[in-house]
Amino acid sequence: MAKQLMKGNEAIGEAAIRAGATRYFAYPITPQTEVAEYLARRLPEVGGVFVQAESELGASNMIFGAASSGKRVFTSSSSPGISLMSEALSYITCAELPCVFINVCRAGPGLGGILPSQGDYFQATHASGHGDFHLIVLAPSTVQEAVEHMMTAFDLADRYRNPVMIFADGLIGQMMEPVDFEAVKSGEAVDHSSWATTGAKGRKPHIIKTLYLNPNDNEAHNVHLAEKYAGIRANEQRSELYGGLGSPELILTAFGTAARVCKTAIDVLNEQGVDIALFRPITIYPFPADALDKLSRKQHVKRLLSVEMNNGQMVEDVKLFTGNRKPIDFFGRQGGIVPSPEEVIERVRALLDGKKKPAKERPAEAK
Amino acid sequence: MAVNTVFCKPEAMTDAHTHYCPGCTHGVTHRLVAETLDELGIRERAVGVAPVGCSVLAYNYFNCDFLEAAHGRAPAFATGLKRSSPELTVFTYQGDGDLASIGTNEILHAANRGEKFTVIFINNAIYGMTGGQMAPTTLAGQVTTTSPSGRDVESAGWPIRIRELLATLRTPAYIARGSAHSPQWTIRTKQFVRKAFQYQESGTCFSLVEVLSTCPTNWGMSPTESMRWVEENMIPYYPLGELKTPDEEDASFARLTGGLEATPNGYAEKTRW
Ligand SMILES: Cc1ncc(C[n+]2csc(CCOP(=O)(O)OP(=O)(O)O)c2C)c(N)n1
Ligand SMILES: [Mg+2]
C-alpha cells in the first residue's frame, strides 16, 4: 500500500485500530492529545469505543475493567499523566491483563514542559508503580516504527498477558512522516475466554483480583510473575546496530529520538572515516543486554557513550549490562531540548582525541 | 405430603460463610443483590466489581464473575468493562471510604456520563476494614479512631450525603437510599436494588442505591444497639427513599429545595439541605 504522510500521534491511533484494538480510554495532555482527537473521530467509524475519562487515574482504571473483557484495549498519555496511571499499571500487571499504554514523554519533573524528553526511562523500565513488576517497553525512533510497535505491542500483551508500553516522545508524537500500515501486521487476537469476565454462563465464575492475603499465595504469585519476566528477558530483547566501518572504536548507545540524532552524527563521522557505531535498544524493557554485552566484549570497542534526553538514566543499564568493562560516558540534554548531531559529533571527537576525560571524573557540565 | 420450598439461598450466592462481623449488614445487602440477580435471570451475564474495604472479598460470596478494584476505582473499572462489553450487567459494590472519599472523582463522573451500570453504596459511617477511622460520612460528633473526641465539623466538615450530591446531576437515572437496619427497610431496599438493576437492563442509564449499614465492631456497640443507632442517628441526617427516578426527569431539583419524602416507616424528611 502507498505510504501516507501522517503525524505520529495520529498514526499511533490508526495503528491501534489496524491491530484490532477498538476500546480506548484517555484524558487530554500535550504532546499526545492528537491520539485522542484522532480516535474520537475514527473509532465511531469502526464501531469502537472512546471514553474521555475524568483523569488519567480514571482512564487507566477503565483499562483494567476494559481489559477484563478479553478485548484489545489501550490508552495514551504523557509523563504527568503516566504518573497517575502508575496505580493501575501495578494492579493490571498483577492481574495479568493484556493492554497497551502509550507514553508520549515530555520533559519533567513536575509539570515540566511540553517538549520531547526521555526523562521517564527509569519510570518505564524500573519503577512504573508499587510492587515487583515489569512492563514490556518498546521505544520507537520513527513514526513508521511507532506504527509497527503498536502492532507488535498488542501481540506481546496477548502472549504474556502483561501491559506493554510504547515509549515515544514529543518529537515522535508531533512530527509528520510517511507511514505504511501494511508493513507489519498484528496477529489475530488471542482467545482469552478461559479467564475473561464474560459472564458465568455454564461455567464457574471468573474472578480477576490482586489481593493475596496469605503470604505463601502472594509469594507464589510473585514467583510466577518473576518467571514470566525471565521469559520476557530471554525472548524479547530487541536492538539495532547502526553504522560503523568494520571495527568501531566507540559505540554510541541511544534510543528513540536520541538515536535518530546519533544516526545523523554517525553518518557524518563514518563518511569522514571515523569508525563509530550506534547500539539502539528497541526494547528498553527488557534491555537488550545480551547483544550489548557481546558487543562491548569486542577487542576493537574501546569505550561507549550514552546519548539521552535526560540526566543519565539508560546509561545505568549500559553500565550494568556491560559489567563496566569499558569506559562509559554520558551526554544528555534535558528540559525538552533535543541534542543536535553537531553536539554529538563534538562529544565523539573530544572523546576520541582523548582531550576529555570520562564524564564521571569531571564535574557535570551545564550547557 | 408435598413440601414447598419457601426460603433458600439464592443461586447467585455461593456456599461460603462470610467473614463479616456479627450484626454487620454487608451480608444482608449481598443477599438483596443476589436475589435480584436470580429474579431478573441475569446472574450468568452479571459481573460485579468489589471495592477495597470490608467487602473486598465479595467475590467469595457471589456466584458470578467479579473484578476486584483498586481503592475507589470501581466505577472506572465498571465503565471500562461495560463500555467494552455492553451485553453484560455490571454492578459495583462500594463502601463509603471507597466511594465517598478516595473514589469521589470516579463515581461523580461515572454518574455524570450516565454509565449504564448499577452501584450499591454501603454507608456505615466509618472505615470498617482499616479499623474504624473517620469516613466522609461519619456523623458530626461521632467518635472514631481518627476523631477521638468526635467528628469536629469545624475541621472535618459535615458528612457528605452522596445520594443528594449525585442527584444534583442531570444525567443519572435512578438514585435512592435504603437501609438494612430493619426488616421493613430491608424489604423496601430490595425494591430499590431491583429497580436499579431493571433500569440498567432497560438501558436507561446509571443507577445507585445507597444502603445505610451497621458496623457494630467499630462503632463499639452490640448488633441490636447498632440497628437502633442507624434509626436514631443516621436516618435523621440521611433520609431514606428514592431521590431521582428516570420518570421524573428534573424533579430532583424541586426535591432539593422542598426536601420532603414519604417513607414506609414514616421517616419524613425534615432536614433541609
Ligand atoms: C490507595 C489505598 N489507600 C488506602 C488503603 C487502605 N484502606 C483499605 S480499606 C479502606 C477504607 C474502607 O472503608 P469503606 O470504604 O468505608 O469500607 P468498609 O470497610 O467500611 O465497608 C482503606 C482506607 C488502600 N487499600 N489503598
Ligand atoms: Mg465504611
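Provided above is the structure to which this section pertains.
Small disclaimer: the values here were computed from a predicted structure and weren't measured.

(A) View of the sheet that holds strand β15 (residues 328-332) of chain A. Residue and element names in this part refer to chain A. Reading across the sheet, the five strands line up as β10-β12-β11-β14-β15 and stay open at both edges, with mixed pairing between neighbours. Each edge of the open sheet carries a strand with a single partner, namely β10 (239-243) and β15. Ignoring strand direction, the axes of neighbouring strands in this sheet form an average angle of 25 degrees. The pairing of strand β11 (residues 250-253) with strand β14 (residues 303-308) spans four bridges and is parallel.

(B) Just the nonpolar core, in detail. If you look at the biggest cluster of nonpolar residues, it comprises 165 residues, and the most contacted ones within it are A:Phe74, A:Met150, B:Leu37, B:Ile120, B:Phe206 and B:Met234. Each of domain 1 (4-235) and domain 2 (240-366) of chain A gives at least three residues to this core. Counting residues in each nonpolar core, the second largest holds 21 residues, with A:Val261, A:Cys262, A:Ile276 and A:Ile345 among its members.

(C) Structural view of unusual backbone geometry. In this model, A:Gly108 is joined to A:Pro109 through a cis peptide bond whose omega is -5 degrees. Note on placement: A:Pro109 falls in the loop between β5 (99-105) and α5 (121-125). Backbone torsion omega between A:Tyr285 and A:Pro286 reads -5 degrees, so that peptide bond is classified as cis. By the secondary structure assignment, A:Pro286 is in the loop between β13 (283-285) and α10 (289-297). Non-glycine residue B:Ala125 carries a positive phi angle of around 60 degrees. Here B:Ala125 falls in the buried class, since its relative accessible area comes to 0%. A positive phi angle, close to 150 degrees, is found at B:Cys205, a residue other than glycine. Structurally, the position occupied by B:Cys205 is in the loop between α7 (183-201) and β6 (207-212).

(D) The packing of aromatic side chains, seen in detail. Enumeration according to the criterion identifies 18 aromatic pairs over all chains in this entry. An angle of 25 degrees between the planes, with centres 5.5 Å apart, marks the rings of A:Tyr24 and A:Phe50 as stacked. Within this pair, whereas A:Tyr24 is found in strand β2 (residues 23-26), its partner A:Phe50 is found in strand β3 (residues 49-52), the two being separated by 26 residues in sequence. Residue A:Tyr24 is classed as buried on the basis of its relative accessible area of 0%. Counting every residue linked through ring pairs, the aromatic cluster contains B:Tyr59, B:Phe62, B:Phe66, B:Phe91 and B:Phe197. Its guanidinium or amino end placed over the ring of A:Tyr212, A:Lys209 lies 4.6 Å from that ring's centre, counting from NZ or CZ. The positively charged end of B:Arg161 is found above the aromatic ring belonging to B:Tyr237, 3.7 Å away from the centroid.

(E) Inspection of the side chain of A:Thr93 at higher detail. Residues and elements named next belong to chain A. Mapped onto the elements of the fold, Thr93 is located in helix α4 (residues 79-95). A relative accessible area of 0% places Thr93 in the buried class. Apart from residues lying up to four places away in sequence, Thr93 is in contact with Phe133, His134, Leu135, Asn162, Pro163, Leu225 and Tyr229.

(F) Region of interest: the coordination of the magnesium ion (ligand 2). All names here are of chain B. Coordination of the magnesium ion (ligand 2) by the protein comes from Asp96 (OD), Asn124 (OD1) and Ile126 (O), over a distance range of 2.0 to 2.1 Å. Taken in chain order, the donor set of the magnesium ion (ligand 2) reads D-x27-N-x1-I. With a gap of 30 residues between them, Asp96 in helix α3 (residues 96-102) and Ile126 in the loop between β4 (118-123) and α5 (153-156) connect regions that are remote in the sequence. Taken individually, Asp96 and Ile126 each receive the classification buried, so the pair is uniform in this respect.

(G) Just the interface of chain A and chain B, in detail. Listed by partner, the interface residues are 37 residues for chain A and 33 residues for chain B. Seen at the junction of chain A and chain B, the total is four salt bridges. The shortest N-O distance in the salt bridge between B:Glu44 and A:Lys201 comes to 3.7 Å. Here chain A is connected to chain B by 15 residue pairs in polar contact (both at pLDDT 80 or more). Put simply, the parts of the chain that give the side of chain A that touches chain B at least two residues each are β2, β3, α3 (56-67), α4 and β9 (207-208) of chain A. Here the side of chain A that touches chain B gets seven residues from one element, more than from any other, and that element is α3(A). Pairing of β9(A) with strand β2 (residues 65-68) of chain B, which is carried by two bridges, proceeds in the parallel orientation.

(H) Looking closely at the sheet that holds β13(A). Residue and element names in this part refer to chain A. Strand order across the open sheet formed by seven strands is β3-β2-β4-β5-β7-β6-β13, with mixed pairing between neighbours. Each having just a single partner strand, β3 and β13 make up the two edges of the open sheet. Between one strand axis and the next, the sheet turns by 20 degrees as a mean value, whatever way the strands run. Bridge count for β2 against β3 is four bridges, and the pairing is parallel. Bridge pairing in β3 places Arg23 opposite Val49.

Criteria and thresholds
Residues numbered from 1 in each chain as written. Chains lettered and ligands numbered in written order. Predicted model: local features only at pLDDT ≥ 70, side-chain atom pairs only at ≥ 80, totals over all residues. Heavy atoms only, no water. Pairing = 2+ DSSP bridges. Helix = DSSP H or I, 4+ residues; strand = E, 2+ residues; numbered from the N terminus. Axes fitted to C-alpha atoms, helices over the stretch in contact; angles between N-to-C directions. Core = buried A, V, L, I, M, F, W, Y, C linked by side-chain atoms within 4.5 Å. Buried < 20%, exposed > 50% of the residue type's maximum accessible area, 1.4 Å probe, protein only. Domains from an automatic or database assignment. Phe/Tyr/Trp six-rings, centres within 6.5 Å; stacked < 30°, edge-to-face > 60°. Lys NZ or Arg CZ within 6 Å of the ring centre and 35° of its normal. Contact = heavy atoms within 4.5 Å. Donors = N, O, S within 2.8 Å, 3.2 Å for Na, K, Ca; no water. Salt bridge = Lys/Arg side-chain N within 4 Å of Asp/Glu carboxyl O. Polar contact = N/O pair within 3.5 Å; in protein donor to acceptor, adjacent residues only side chain to side chain.

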